[in-house]
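Structural overview
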Amino acid sequence: MRGRLQRRCSTFISLIIKISLVLIFRFCSIAVSSVPGIEWVQRTFDLPPYKRGCHIITQQIYKAVPEIRNFRVGIAHIFVMHTSASLTINENASPDVPLDMEDALNKIAPEGHHYRHLDEGLDDMPAHVKSSIMGCSLSVPITAGRLNLGIWQGVWLNEHRDYGGSRRLCITIHGQC
Amino acid sequence: MRGRLQRRCSTFISLIIKISLVLIFRFCSIAVSSVPGIEWVQRTFDLPPYKRGCHIITQQIYKAVPEIRNFRVGIAHIFVMHTSASLTINENASPDVPLDMEDALNKIAPEGHHYRHLDEGLDDMPAHVKSSIMGCSLSVPITAGRLNLGIWQGVWLNEHRDYGGSRRLCITIHGQC
Amino acid sequence: MRGRLQRRCSTFISLIIKISLVLIFRFCSIAVSSVPGIEWVQRTFDLPPYKRGCHIITQQIYKAVPEIRNFRVGIAHIFVMHTSASLTINENASPDVPLDMEDALNKIAPEGHHYRHLDEGLDDMPAHVKSSIMGCSLSVPITAGRLNLGIWQGVWLNEHRDYGGSRRLCITIHGQC
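Residues numbered from 1 in each chain as written. Chains lettered and ligands numbered in written order. Predicted model: local features only at pLDDT ≥ 70, side-chain atom pairs only at ≥ 80, totals over all residues. Heavy atoms only, no water.

A few points about the relation of the copies chain A and chain B
Placing chain A over chain B gives an RMSD of 0.0 Å and needs a rotation angle of 120°, together with 0.0 Å of translation along the axis. Here the transformation between the copies is reduced to the relation of a three-fold axis. The rotation axis passes nearest to the C-alpha of Ile133 of chain A in chain A, at a distance of 3.4 Å. The fraction of interface residues of chain A whose copies in chain B are also interface residues is only 18%, indicating that the copies meet through different surfaces. (Least-squares fit on C-alpha atoms with pLDDT ≥ 70 in both. Contact = heavy atoms within 4.5 Å.)

Here is the structure:
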């Protein structure tokens, strides 16, 4: 009787440990380097809420994954874990470009009552369309410790909902140090 | 004379072996692990035919590459080897979202006689446009043996032809076990 | 006094060396292989100017990174370092498809005076929209020393400006040899 209880307890404890490990892996940073010179860094974090429109977040990425500077060559993969926001690379200088982009997207995927999926508001289904058109992930080359962006390129988060709230990003860096 | 024949025969045999190896590599699975801890898995497989529209295929990906569960951290790259179908990540719950997406794409790239490329039917050229707008590949972070998708995210195959037939995917998994 | 001058000189020299190294890394090719079997190759190069429209550049990629043939399995990442040109994968056979694609993009993001960002001409802001819709990067599986493209797939550079000039690509190849 006691033996069975002990077995159940140990099964329960190992389950708790397993779930905790999965949660730690899923929501915290991972930095593994068992092979000398080859590195994987992965970090999941939340951006503060942005208003509807397009926003430059290049510096937030450097802040979230400062290890980029250690990589001589590699790829940074940026992934937004939502279906009504998106990521793109575009102009980092003129503040008019994000505003014009938001207008252009509203013309390409206009709001209206012609959608089936209307429960969450008129801004919901167009947000799904814009998200798939723009894409939910980016891959950027890393060269000599920097994202190898062109002079005028910046990373944008596009918030397609009126009140989208905080958005979670998962950044995975892989390369040679 | 016999020497030349032998040389030709051996050249021919080595050519056959080379072509066979290329074919094996191209159409079968590859799982290489010469560096301990660092793994590449690549598998090419055919999806069953889908009707025109958007379809969730997340579970088919797990079935095709069950090795995902071995990776602590990595990237899954999913590639559709056609120019009139596409891949995207979007809503995995409401069945209305794929239907509305198909309608929205038909508005963005409508059928009509205004295209030059009309030989294969009215649905052909719009399919090429939709394929480039949505994209033919996805990169998804792997975390603790799972595709690290958001709660509402699923992988979609978008069939843009009326009768597109079976579609071939090449999935490449790379990461640390 | 002399000590301070020497220190300043050595600081200046080390700065020059640092800047040179960054420039060498950024604009030249990198081929690193400290881990046997696992390779990173990265090369930045300029395409000749293309006229506005869609152009197949698959062979230019093979020419720029001939090392692809050494990789048994891997991923080729192609990145255009500009915000008014883009990359996509589409039809490699019919010359009508790139022409129809250019027309379709002009309908999706038309020119006009309804944009704020008009300083550089009417073709400028639509080019930014098209760039984000199509995307500035591609990831293509490598299998047995080749880009594992479908039979009808080719890599396209889309020039969205009237006179875009030369465009810089950064190609990063990673895989197992």
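On we go from here.
Things to note about the sheet that holds strand β8 (residues 153-159) of chain B
Residues and elements named next belong to chain B. An order of β3-β8-β5 is seen for the three strands of this open sheet, with the pairing classed as antiparallel. A single partner strand is all that each edge strand has here, and the edge strands are β3 (53-56) and β5 (85-91). Averaged over all pairs of adjacent strands, the angle between their axes in this sheet comes to 35°, without regard to strand direction. Here β3 pairs with β8 via four bridges, running antiparallel. Directly across from Cys54, in β8, lies its bridge partner Asn158. (Pairing = 2+ DSSP bridges. Helix = DSSP H or I, 4+ residues; strand = E, 2+ residues; numbered from the N terminus. Axes fitted to C-alpha atoms, helices over the stretch in contact; angles between N-to-C directions.)

Quick word on helix α4 (residues 124-134) of chain A
Residue and element names in this part refer to chain A. For α4, a buried count of eleven out of eleven residues is recorded, marking the element as mostly surrounded by other parts of the structure. Within α4, burial applies to Asp124, Met125, Pro126, Ala127, His128, Val129, Lys130, Ser131, Ser132, Ile133 and Met134. Gly135 sits one or two positions beyond α4 and adopts a positive phi of about 100°. (Buried < 20%, exposed > 50% of the residue type's maximum accessible area, 1.4 Å probe, protein only.)

Some details on the interface of chain A and chain B
Accessible area lost upon the coming together of the parts is a frequently used measure of interface size. Across the boundary between the two partners, chain A contributes 33 residues, which contact 39 residues of chain B. Counting each side, the surface lost to burial between chain A and chain B is near 3,100 Å², with a carbon and sulfur contribution of 60%. Here chain A is connected to chain B by two salt bridges. Note that Asp100 of chain B and Arg116 of chain A form a salt bridge whose closest N and O atoms lie 2.8 Å from each other. The tally of links between chain A and chain B comes to 13 residue pairs in polar contact (both at pLDDT 80 or more). Elements with a contribution of two residues or more to the side of chain A that touches chain B: α1 (2-27), β1 (30-32), β2 (38-47), β4 (73-80), α4, β6 (137-143) and β9 (167-176) of chain A. The element that contributes the greatest number of residues to the side of chain A that touches chain B is α4 of chain A, accounting for six residues. Residues that form the side of chain A that touches chain B fall into these classes: 16 nonpolar, 15 polar and two charged. (Buried area = accessible area lost by both parts, 1.4 Å probe. Salt bridge = Lys/Arg side-chain N within 4 Å of Asp/Glu carboxyl O. Polar contact = N/O pair within 3.5 Å; in protein donor to acceptor, adjacent residues only side chain to side chain. Nonpolar A, V, L, I, M, F, W, Y, C, P; charged D, E, K, R; others polar.)

So, the interface of chain A and chain C
Each partner contributes residues to the interface: chain A has 39 residues there, and chain C has 33 residues. Run the count over chain A and chain C and you get two salt bridges. Linking chain A to chain C there are 13 residue pairs in polar contact (both at pLDDT 80 or more). Elements represented by at least two residues in the side of chain A that touches chain C include exactly β4, β5 (85-91), α3 (96-108), α4, β6, β7 (146-147) and β9 of chain A. No other element matches the nine residues that α3 of chain A contributes to the side of chain A that touches chain C. Residue composition of the side of chain A that touches chain C, by class: 20 nonpolar, twelve polar and seven charged.

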